[in-house]
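# Observations on the three-dimensional arrangement
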Amino acid sequence: MSGRLTGRTAIVTGAGRGVGRACATAFAAQGADLVLVDIAADLPHVPYPAATPSQLDHTARLCREQGAAVLTARADVRDAAACERVVADAVDRFGSLDVLVNNAGIAGPSGRIVHEVTEDEWAVMIDVNLNGAWRMLKAAGASMVAARSGSIVNIASTAGLVGYRNFAGYVASKHGLVGLTKAAALDYAPYRVRVNAVCPGSVRDGEAWEGRMLVEIGRSIGIEPADHEAEFITQMPMNTLVEADDVAGAALWLASEESRHSTGGVITVDAGYSAR
Ligand SMILES: NC(=O)c1ccc[n+]([C@@H]2O[C@H](COP(=O)([O-])OP(=O)(O)OC[C@H]3O[C@@H](n4cnc5c(N)ncnc54)[C@H](O)[C@@H]3O)[C@@H](O)[C@H]2O)c1
């Protein structure tokens, strides 16, 4: 059966759990072969654990069950050489690279007024969420420009569109990612390499996806884990949280040829949050 990504190779960063896992399995169901990237080790200054190696393996298993060929890479998007290796390995194994989903991200250290954020805390946030996406884009872009084809999907956030109190580093990193999306879209447009961003609102962590971000955002501003979903729902005009599947659906459309004339776009999947 032919799928929307049949014959395509996609790299998904932060694929160990959460939105990355949802994107990977959605792409696998539509025929893509996959390179699944995750640090799968904890980061300094980040007050909650990253995905584990077995979570990354679990994502790979789910994708293989859909018929995808899968390569996994334990790589840190803070490491330029590792990013280049991931892209080289993808091209080596699958012959081309068609899609990059820059999804790896951290939500903390956060939860403090801006002048209380330390130099190290600020640096790790920008290094993962903005510089990490730039490093992967830089590595993949060279290969895509040479092929005159490709789609890069940056998973930003409503924090890339509006401010949030006590989240200055996260907000700055995601605004930067939206800016990078637009600038890279213009650079790559002549080469038919497209760059778009998805801005999710509060995403339910979800049992199947094992996401960790929403509960940790809540914790950093003093919301008990048991209450965090109910608390975040009150802020959503549609009175619902976003599901990781919803974000994956938008990423899938941007990855596929259905969006062939869309570049530099910023798509919200936020149940109306940023429309206010
Ligand atoms: N969950 C939300 O409410 C929400 C809302 C808006 C945007 N987002 C964005 O969606 C993306 C995914 O979030 P999630 O909710 O799945 O979070 P998550 O914490 O569950 O998953 C993030 C993944 O990224 C990996 N990762 C972290 N640092 C990395 C690094 N340096 N190198 C490689 N991998 C790394 C983690 O190990 C983890 O598997 C993030 O970019 C996040 O900012 C999430």
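Definitions and limits used
- Residues numbered from 1 in each chain as written.
- Predicted model: local features only at pLDDT ≥ 70, side-chain atom pairs only at ≥ 80, totals over all residues.
- Heavy atoms only, no water.
- Near = heavy atom within 4 Å.
- Polar contact = N/O pair within 3.5 Å; in protein donor to acceptor, adjacent residues only side chain to side chain.
- Areas by Shrake-Rupley, 256 points an atom, 1.4 Å probe, with all protein chains shown as cover.
- Salt bridge = Lys/Arg side-chain N within 4 Å of Asp/Glu carboxyl O.
- Helix = DSSP H or I, 4+ residues; strand = E, 2+ residues; numbered from the N terminus.
- Buried < 20%, exposed > 50% of the residue type's maximum accessible area, 1.4 Å probe, protein only.
- Right-handed = clockwise from strand over helix to strand, strands pointing away.
- Pairing = 2+ DSSP bridges.
- Axes fitted to C-alpha atoms, helices over the stretch in contact; angles between N-to-C directions.
- Contact = heavy atoms within 4.5 Å.
- Parallel < 35°, antiparallel > 145°, perpendicular 65-115°, else oblique.
- Left-handed = near helix turned anticlockwise from the far one by under 90°.
- Nonpolar A, V, L, I, M, F, W, Y, C, P; charged D, E, K, R; others polar.

Here we take up the site of the ligand. Taken together, 30 residues form the shell around the ligand, and within it D38, D76, N103, Y170 and V203 come nearest. In this structure, an oxygen atom belonging to the ligand sits 2.9 Å away from a main-chain N or O atom of A51. Between the ligand and the protein, one listed contact pairs an oxygen atom with a backbone N or O atom of V203 at 2.8 Å. Compared with its free state, where it exposes 830 Å², the ligand has 98% of that area covered by protein.

Here we come to the pattern of salt bridges. Taken as a whole, this structure holds nine salt bridges when the rule is applied. Across the pair R204 and E229 runs a salt bridge whose closest N-O atoms are separated by 2.8 Å. Placement of R204 in the loop between β6 (193-200) and α6 (213-220) and of E229 in helix α7 (residues 228-233) is noted, with a sequence separation of 25 residues between them. A salt bridge links R212 to E216, with the shortest nitrogen-to-oxygen separation between them at 2.8 Å. R212 sits in the partly exposed class, given a relative accessible area of 29%. The class for E216 is buried, based on a relative accessible area of 8%. Salt bridges here are not isolated pairs; linked through shared partners, they connect R204, E229 and E243.

The buried count for strand β5 (residues 150-155) comes to six of six residues, which makes it a mostly enclosed element. The two faces of β5 match: G150, I152 and N154 on one face and S151, V153 and I155 on the other face are all buried. On the question of chirality, the crossover connecting strand β4 (residues 99-102) to the parallel β5 by way of helix α4 (residues 119-147) is right-handed. Read from β5 through helix α5 (residues 168-188) to β6, the crossover connection turns out right-handed.

Reading across the sheet, the seven strands line up as β3-β2-β1-β4-β5-β6-β7 and stay open at both edges, with parallel pairing between neighbours. Every interior strand has two partners, whereas the edge strands, β3 (70-74) and β7 (266-269), have only one. The average undirected angle you get between the axes of adjacent strands in this sheet is 15 degrees. Note: strand β1 (residues 9-13) against strand β2 (residues 33-38), five bridges, orientation parallel. Directly across from I11, in β2, lies its bridge partner V35. The strands touched by α4 within the sheet are β1, β4, β5 and β6, with β4 carrying the most contacts at an inclination of about 175 degrees. The strands touched by α5 are β5, β6 and β7; relative to β6, the strand with the most contacts, the crossing angle is about 160 degrees.

What follows is about the packing of helix α1 (residues 18-29) against helix α8 (residues 244-255). α8 packs onto α1 with a crossing angle of 50 degrees between their chain directions and a minimal axis gap of 8 Å. In terms of their interaxial angle, α1 and α8 are classed as oblique. Crossing angle aside, the handedness with which α1 passes α8 is right-handed. Judged by residue contacts, G18, V19, A22, C23, A26 and F27 of α1 engage A244, D245, V247, A248, A251, L252 and A255 from α8. Each residue belonging to the contact of α1 with α8 can be placed in one class, and the counts come to eleven nonpolar, one polar and one charged.

With respect to the helices and strands, P225 occurs in the loop between α6 and α7. What makes P225 partly exposed here is its relative accessible area of 33%. Sequence separation between P225 and V215 is ten residues, and the spatial gap between their C-alpha atoms is 5.7 Å. Setting aside anything within four residues of it in sequence, one finds P225 in contact with V215 and R219.

With their axes 9 Å apart at the nearest point, α1 and helix α2 (residues 53-65) run at an angle of 20 degrees to one another. Classified by the angle their axes make, α1 and α2 are roughly parallel. Seen along the crossing, α1 lies across α2 with a hand that is right-handed. Mapping the contact onto sequence places R21, A24, T25 and A28 in α1 and Q55, H58, T59, L62 and C63 in α2. When the residues that make up the contact of α1 with α2 are grouped by side-chain class, the tally is four nonpolar, four polar and one charged.

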